[in-house]
Amino acid sequence: MTIQQTTASAAAEAVRELLRGHGAVAMAGAAAGNLVSQTAVTAGPVSPVVTMSAAADGTTPGTHASHGSAPVAPPSGMRVPPAAMAPRAKKRNSLLWPGIVVALAASLVLFGGKGGWISNFQYLQLSLVLVYAIAVLGLNLLTGFNGQISLGHGAFFALGAYTAAVLIDRYNVNYLLTLPVAAILCFVAGYLFGLPALRLEGHYLALATFALATAVPQILKYRHIEGLTGGVQGINLVKPDAPFGLPLSPDQWMYVIVLLMAVLMFWIGRNLLDSRPGRAIVAIRDQPLAAITMGIDTARFKATTFGISAVYVGLAGALHAIIFEYVSPDSFRFDLSVAILVGAVVGGIASLPGALIGGAFVQFIEKYADAATKQFTNLVQLPIELEPWTIYGILLIALIYVMPGGVAGGLATLIAKIKRKRSVS
Amino acid sequence: MVASVEKVGGSLGTVPGAPLLSVRSVTVRFGGIVALNGVSFDISEGHIVGLIGPNGAGKTTLFNCLSRLYQPTEGDILYKGKSILQSPPYAIAGVGMGRTFQNVALFDNMSVLDNVKVGCHSVSQAGFLKSAFGVGVGAEEARIEARARELVAFMDLLPYTDMRAGPLPFPIRKRVELARALASGPSLLLLDEPAAGLNHAEVDVLKAQIRRVRDLQNVTVLLVEHHMSLVMSVSDRVVAIDFGKKLAEGTPAEVQRNADVVRAYLGTEAHA
Ligand SMILES: Nc1ncnc2c1ncn2[C@@H]1O[C@H](COP(=O)(O)OP(=O)(O)O)[C@@H](O)[C@H]1O
Ligand SMILES: [Mg+2]
């Protein structure tokens, strides 16, 4: 799969390696199912193919005459012997820099905190970038990779956030334990919403998810569940202290937690996209009928992708509630759904690193677009009063025209251009 | 998936001695149009069967019935003696039918290799949870990788292995599609106009490849084709249809002599 390397992939590869080490022991039970699958693939005519690839090289005398050196295709002269198709090494190198980035990000807490040159507020902002990146990634899995549009993922963000808030506030559950609960709830909700949504294509799916997003704040304000949700007031939380007497402020500690979660979720995203179900997800987007013909149960896969995407966004919501120490119905209005979608488009649809850029976009550009518009008005002494968000709109339009593949796509094109120029000169 | 288990079992639900495929009075109507009108024929294992007929005769419609993308209005389709009309479309690959599309339906944004890997879907089963954590899927993934690379080599696609399938030249895309259809090790391969858009030399190669596929992959082939010399030289049997009705069936020589066929089809193209 031609997915660019993620910041997380270094850690991903490391953990994957670890898991492989323990695989034999830990997964003994699970191996049963896997065995079946192995036989399934082997049962196909694998060995005949081996003789055939030899035939393709014109080394099998019997078949040589019949197809031999016929001009198969333009580059038939460059037939590569099977021996030359082993390399998988190139994947290793590219793990280096994402690893460095993650290590640097983690060590920020060590020197940044002590030196006092990163304030708690800035840690909170960094955490929010990562939280939104997780959400953008989740929507990207659905929209970018599976081709289903959602204007309503703010609803799952809200579900995750309220799950965490209610569990912590009303039931005194440990904040870390609220994360898996939020994940499971959001998966179920996403899957169930995804199932009927399967009948809807394009605009209609967008409409249904739009309805979901607009309904959520109203549901949260609903009088009969006020005891749980706190109604219009919402729920106030207190940020957890760092455990084990670690010399970290709550903001620094939560930054570490959020960073770990982001690494985990990016790693999972990478794993998924590089796997059998991941290829099926993309195949469905590219060519649904052919995907069915390949044996893909598209309905089940699309609903499951909807569920997984909701898990990402729900976890982001839960983390947001914890670090922001507050949830209220009006934090989860339609704007949030749009923000996540815009983040995905700006970062680069169907791009994992793009999700990180999208997260930063949601956090910074969105939050400061209003102020920027005002500043701009003052700066150039415009005779007219600009609407708030004008700069944001202009930026967005410009970006979509200049970089239709999002920032990640634009950067990739740029790098490819530079490389080509170098190799020419 | 149940389907792939069936495949491993080999002959679950197979009726011994039955033809591989039995099309029984299949009729398909689209509103007023009768695309197929009571078509019946059998395909024996190991054969290459040509399905010919002018444009609009209903050939692709028949393929779509076999793939369960269309539901026949009447009639039945038996695979190894068992009706497939109860199976959902996604189960057909697992039953043992692979196909290509007249207009080439590749996953354009995926690499050639990944396209072929998707072809392995029905004979593998790694699910979401295990794949997400990369646990217990390594062996199967390695097998898929090996199988896909072998087929890429088999179809002479090595130089394109990691390229996106979308922008590749049409003849190459057709070969990618064939490799993808073979990935699951089907027992019946449905090829919808594989020679369309190919030049003379490429058609010769294709002819050899179809034979090679039949001989080395142990597949039976149902071949829809306009290219008369290709069909007649490569097929063991030929079925001719026109306006949704079967005109003739037999050896290539027999069908070529059939008066109806000559009138409907060969009359206009015999000299091409
Ligand atoms: N989905 C469909 N809806 C309506 N008519 C169709 C559909 N598919 C095929 N047809 C009609 O059925 C007839 C047979 O088409 P087709 O099977 O594509 O012919 P062939 O492949 O032999 O050229 C044509 O008249 C075509 O217009
Ligand atoms: Mg056709």
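Rules and cut-offs
- Per chain, residues are indexed from 1 in the order of the written sequence.
- Lettering of chains starts at A and numbering of ligands starts at 1, both following the order in which they are written.
- Only residues with pLDDT of at least 70 are given local features in this predicted model, and only at 80 or more are side-chain atom pairs given and counted; all residues enter the totals for whole chains, interfaces and linings.
- Only hydrogens and water are removed before side-chain values are computed, so all heavy atoms of the structure are retained for them.
- A donor here means any N, O or S atom no more than 2.8 Å from the metal (3.2 Å for Na, K and Ca); water is not included, so a site may seem to lack partners.
- A run of H or I in DSSP counts as a helix once it spans at least four residues, and a run of E counts as a strand once it spans at least two, with each numbered from the N terminus.
- Relative accessibility decides the category of a residue: with a 1.4 Å probe and only protein chains considered, values under 20% of the type maximum give buried, values over 50% give exposed, and everything between is partly exposed.
- Here the expected length of a helix is defined as 1.5 Å per residue gap, with one fewer gap than residues.
- DSSP calls a pair of strands paired once it identifies at least 2 bridges connecting them.
- By definition in these notes, contact holds between two residues if any of their heavy atoms fall within 4.5 Å.
- Angles shown run from 0 to 180 degrees and are taken between the N-to-C directions of axes, each axis being a line fitted to C-alpha atoms and, for helices, limited to the stretch in contact.
- Think of it this way: one heavy atom of a residue within 4 Å of a molecule or strand is enough to make that residue near it.
- Counting of polar contacts relies on pairs of N or O atoms within 3.5 Å, with two restrictions inside protein: one atom must be capable of donating a hydrogen and the other of accepting it, and residues adjacent in sequence are counted only when both atoms are side-chain atoms.
- Each accessible area is a Shrake-Rupley estimate made with a 1.4 Å probe; only the visible protein chains count as cover when residues are assessed.
- Any residue that is not Ala, Val, Leu, Ile, Met, Phe, Trp, Tyr, Cys, Pro, Asp, Glu, Lys or Arg is counted as polar, Gly included; the first ten are nonpolar and the last four charged.
- Salt bridge, as used here, is a side-chain nitrogen of Lys or Arg placed within 4 Å of a carboxyl oxygen of Asp or Glu.
- Where each domain starts and ends follows an automatic or database-derived domain assignment.
- Once two parts are brought into contact, the accessible area they lose, counted with a 1.4 Å probe and summed over both, makes up the buried area.
- In this analysis, rings of Phe, Tyr and Trp, with Trp reduced to its six-membered ring, are considered paired at centre separations within 6.5 Å, and the interplanar angle assigns stacked below 30 degrees, edge-to-face beyond 60, and tilted for intermediate values.
- Lysine NZ or arginine CZ positioned within 6 Å of the ring centre and within 35 degrees of the ring normal marks a charge as sitting over the ring.
- We call a set of buried residues a nonpolar core when its members are Ala, Val, Leu, Ile, Met, Phe, Trp, Tyr or Cys and they connect through side-chain atoms within 4.5 Å of each other.

### Focus on the coordination of the magnesium ion (ligand 2)
All names here are of chain B.
Part 1 of the argument: With distances of 2.0 to 2.1 Å, the protein atoms coordinating the magnesium ion (ligand 2) are Thr60 (OG1) and Gln102 (OE1). Within this pair, whereas Thr60 is found in helix α2 (residues 59-66), its partner Gln102 is found in the loop between β6 (97-99) and α4 (112-119), the two being separated by 42 residues in sequence.
Part 2 of the argument: For Thr60, a relative accessible area of 26% corresponds to the partly exposed category.

### Comments concerning helix α12 (residues 250-273) of chain A
Part 1 of the argument: Taking 1.5 Å of rise per residue, the 24 residues of α12(A) would be expected to cover 34 Å, and the 34 Å separating its terminal C-alpha atoms lies within 8% of that figure.
Part 2 of the argument: Counted residue by residue, α12(A) has 20 buried out of 24 residues, so it is predominantly covered.

### Topic: the sheet that holds strand β2 (residues 33-43) of chain B
All names here are of chain B.
Part 1 of the argument: Taken in spatial order, the 4 strands make up an open sheet running β2-β1-β4-β5, and their pairing is antiparallel. Where the open sheet ends on each side, the last strands, each with one partner, are β2 and β5 (82-83).
Part 2 of the argument: Both strand β1 (residues 21-30) and β2 contribute to a ladder of 7 bridges, which runs antiparallel. Directly across from Val23, in β2, lies its bridge partner Phe41.
Part 3 of the argument: Contacting β1, β2 and β4 (74-79), α2 runs over the sheet at an angle of about 115 degrees to β1.

### Comments concerning the site of ligand 1
Residue and element names in this part refer to chain B.
Part 1 of the argument: Near ligand 1, the surroundings consist of Phe30, Ala35, Pro54, Asn55, Gly56, Ala57, Gly58, Lys59, Thr60, Thr61 and Tyr70.
Part 2 of the argument: Between ligand 1 and Ala57, the relevant distance is 3.2 Å, taken from an oxygen atom to a main-chain nitrogen or oxygen of the residue.
Part 3 of the argument: Thr60 is positioned such that a nitrogen or oxygen atom in its side chain is 2.7 Å from an oxygen atom of ligand 1.
Part 4 of the argument: Out of a free accessible area of 560 Å², ligand 1 has 65% covered by protein chains.
Part 5 of the argument: Of all the elements, α2 adds the most residues to the shell around ligand 1, at 3 residues.
Part 6 of the argument: Each residue belonging to the shell around ligand 1 can be placed in one class, and the counts come to 5 nonpolar, 5 polar and 1 charged.

### Overview of the pattern of salt bridges
A side chain with one charge can pair with a side chain of the opposite charge if their charged atoms come near.
Part 1 of the argument: Under the criterion given, the structure shown has 16 salt bridges over all chains.
Part 2 of the argument: Across the salt bridge formed by Arg285(A) and Asp286(A), the nearest N and O atoms sit 3.0 Å from each other.
Part 3 of the argument: Its relative accessible area of 25% is what places Arg285(A) among the partly exposed residues.
Part 4 of the argument: Classification of Asp286(A) by relative accessible area gives buried; the value is 17%.
Part 5 of the argument: In this structure, Asp236(B) engages Arg214(B) in a salt bridge whose closest nitrogen and oxygen atoms are separated by 3.1 Å. Placement of the pair is Asp236(B) in the loop between α9 (228-234) and β9 (237-242) and Arg214(B) in helix α8 (residues 200-217), with a sequence separation of 22 residues.
Part 6 of the argument: Take Asp236(B): its relative accessible area is 30%, and that puts it in the partly exposed class.
Part 7 of the argument: Three or more residues are tied together by salt bridges with common partners; here these are Asp114(B), Lys117(B), Glu145(B) and Arg149(B).

### Some points on the domain arrangement of chain B
Residues and elements named next belong to chain B.
Part 1 of the argument: Per the domain assignment, the segments making up chain B are domain 1 (1-96 + 186-272) and domain 2 (100-184).
Part 2 of the argument: Taken together, the contacts link 23 residues of domain 1 with 20 residues of domain 2.
Part 3 of the argument: For domain 1, the biggest contributors to the area lost against domain 2 are Pro186, Gln209 and Gln217; these three give 24% of the whole.
Part 4 of the argument: For the pair domain 1 and domain 2, the interface holds 7 residue pairs in polar contact (both at pLDDT 80 or more).
Part 5 of the argument: Contributing elements (two or more residues each) for the side of domain 1 that touches domain 2: α1 (2-9), α3 (92-95), β7 (188-192) and α8.
Part 6 of the argument: Counting residues per element, the side of domain 1 that touches domain 2 draws most heavily on α8, at 5 residues.
Part 7 of the argument: Each residue belonging to the side of domain 1 that touches domain 2 can be placed in one class, and the counts come to 12 nonpolar, 6 polar and 5 charged.

### Remarks on the sheet that holds strand β8 (residues 220-224) of chain B
All names here are of chain B.
Part 1 of the argument: Here we have 6 strands laid out as an open sheet, ordered β6-β7-β8-β3-β9-β10, and mixed in their pairing. Two strands lie at the open edges of the sheet, namely β6 and β10 (245-250), each paired on one side alone. On average, each strand axis in the sheet is inclined to that of its neighbour by 20 degrees, with strand direction left out of account.
Part 2 of the argument: Bridge analysis of β9 against β10 gives 5 bridges, and the strand direction is antiparallel. In the sheet register, Asp242 faces β10, and the bridge partner there is Lys245.
Part 3 of the argument: Along the sheet, α2 makes contact with β3 (48-52), β6, β7, β8 and β9, crossing β7 at roughly 145 degrees.

### Things to note about the pairing of β1(B)
Residue and element names in this part refer to chain B.
Part 1 of the argument: Taking the residues that link successive antiparallel strands as the turn, the β1-β2 hairpin has 2 residues, and the phi of Gly31 there is positive, at about 55 degrees.
Part 2 of the argument: Examined bridge by bridge, β1 and β4 share 5 bridges and lie antiparallel to one another. Bridge pairing links Arg24 to Asp76 in β4.

### Topic: the packing of aromatic side chains
Part 1 of the argument: Within this structure, the stated rule accounts for 11 aromatic pairs over all chains.
Part 2 of the argument: With 5.5 Å between their ring centres and 50 degrees between their planes, Tyr123(A) and Tyr255(A) make a pair best called tilted. With a gap of 132 residues between them, Tyr123(A) in helix α7 (residues 120-145) and Tyr255(A) in helix α12 connect regions that are remote in the sequence. Pair check on accessibility: Tyr123(A) and Tyr255(A) agree, each one buried.
Part 3 of the argument: Arranged with centres 5.1 Å apart and planes meeting at 75 degrees, the rings of Phe30(B) and Tyr70(B) form a pair that is edge-to-face. Of this pair, Phe30(B) sits in strand β1 while Tyr70(B) sits in the loop between α2 and β4; the two residues are 40 residues apart in sequence, bridging distant segments of the chain.
Part 4 of the argument: Through successive ring pairs, a cluster of aromatic residues spans Tyr132(A), Phe157(A), Tyr162(A) and Phe332(A).
Part 5 of the argument: Stacked on the ring of Phe101(B), the Lys or Arg Arg99(B) has its end atom at 4.1 Å from the ring centre.
Part 6 of the argument: If you follow Arg180(B) out to its NZ or CZ, it ends over the ring of Phe107(B), 4.7 Å from the centre.

### What to know about the nonpolar core
For soluble globular proteins, nonpolar side chains are generally found buried alongside one another.
Part 1 of the argument: Ranked by size, the top nonpolar core spans 91 residues in total, and within it Phe157(A) and Phe332(A) carry the most contacts.
Part 2 of the argument: Looking at this core, the element that brings in the most residues is α7(A), giving 15 residues.
Part 3 of the argument: Discounting chain neighbours no more than four positions away, the residues touching Phe157(A) are Val131(A), Tyr132(A), Ala135(A), Val313(A), Ala316(A), Gly317(A), His320(A), Phe332(A), Leu336(A) and Ile340(A).
Part 4 of the argument: If you look at the next biggest cluster of nonpolar residues, it comprises 40 residues, including Leu113(B), Val152(B), Tyr160(B) and Val221(B).

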